Amino acid sequence: MLAAATIAILVVMLLAIIRCIVGPTLYDRILAFNMFGTKSILLISVLGFLMGRPEFLDIALVYALINFISVIGVLRYSDSAEFKVAPYKPHSTKEGEE
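From a predicted model like this one, the values you see are computed outputs, not experimental measurements.

Trainee: An account of the overall build of the protein is requested, with residue identities and associated values reported.
Mentor: If you tally the helices and strands in the protein, you get three helices and zero strands. In the protein, the succession of α and β elements from N to C terminus is α-α-α. Counting over 98 residues, the protein shows a buried share of 18%. In the protein, of all internal contacts separated by at least 6 residues, the share reaching a separation of at least 24 is 54%. Only carbon and sulfur atoms are counted for the fraction: they give 71% of the accessible area of the protein, which is about 7,800 Å².

Structural data, given as structure tokens:
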């Protein structure tokens with residue numbers, strides 16, 4: 001049963017990577033990156049349980065903190081003017097000029 005859960009987590013991680021690459025907006029990509037990190041934490045925890053190594057939970061907790069801080073940092077950086085790209089504006093022609 002836990003092996004099936006591990007495989008399901010790996011499939012969801014693959015879908016998160018695809019969303020991170022294809023995502024239509026920056027925020028979709030950040031959310032997919034956060035989801036990948038969360039699923040990595042779950043994978044570390046399940047593998048630790050399967051292998052009988054409870055110290056993997058400590059590693060998972062540290063990774064959770066790093067994931068949380070990195071996502072907050074990226075979101076703060078994305079709010080700055082340097083990170084944003086100006087929206088596309090098509091050239092408008094004035095009347096009489098062609």
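Trainee: Please give an account of helix 2 (residues 26-50) that cites residues and values.
Mentor: Between its first and last C-alpha, helix 2 extends 36 Å over 25 residues, near the 36 Å set by a 1.5 Å rise per residue. For helix 2, the set of buried residues is I30, A32, G37, S40, I41, L43, V46 and G48. In this fold, the buried residues of helix 2 make contact with helix 1 (2-22) and helix 3 (56-78). At the exit of helix 2 stands G52, carrying a positive phi of roughly 70 degrees.

Trainee: Go over a nonpolar patch on the surface with me, naming the residues and quoting the values.
Mentor: On the surface, I7, V11, L14, L15, I17, I18, I21 and V22 cluster together to form a nonpolar patch covering roughly 770 Å² of accessible area. Secondary-structure assignment places V11 in helix 1.

Trainee: Lay out the packing of helix 2 against helix 3 with the relevant residues and their values.
Mentor: At their nearest, the axes of helix 2 and helix 3 sit 9 Å apart, and the two run at 175 degrees to each other. It follows from the interaxial angle that helix 2 and helix 3 lie roughly antiparallel. A per-class count over the contact of helix 2 with helix 3 returns 15 nonpolar, nine polar and no charged.

The rules behind these values
Residues numbered from 1 in each chain as written. Predicted model: local features only at pLDDT ≥ 70, side-chain atom pairs only at ≥ 80, totals over all residues. Heavy atoms only, no water. Helix = DSSP H or I, 4+ residues; strand = E, 2+ residues; numbered from the N terminus. Buried < 20%, exposed > 50% of the residue type's maximum accessible area, 1.4 Å probe, protein only. Contact = heavy atoms within 4.5 Å. Areas by Shrake-Rupley, 256 points an atom, 1.4 Å probe, with all protein chains shown as cover. Expected span 1.5 Å × (residues − 1). Patch = residues over 30% accessible without salt bridge, like charges linked within 9 Å, V, L, I, M, F, W, Y side chains within 5 Å. Salt bridge = Lys/Arg side-chain N within 4 Å of Asp/Glu carboxyl O. Axes fitted to C-alpha atoms, helices over the stretch in contact; angles between N-to-C directions. Parallel < 35°, antiparallel > 145°, perpendicular 65-115°, else oblique. Nonpolar A, V, L, I, M, F, W, Y, C, P; charged D, E, K, R; others polar.

Purely geometric stuff here, so don't read any function into it on its own.
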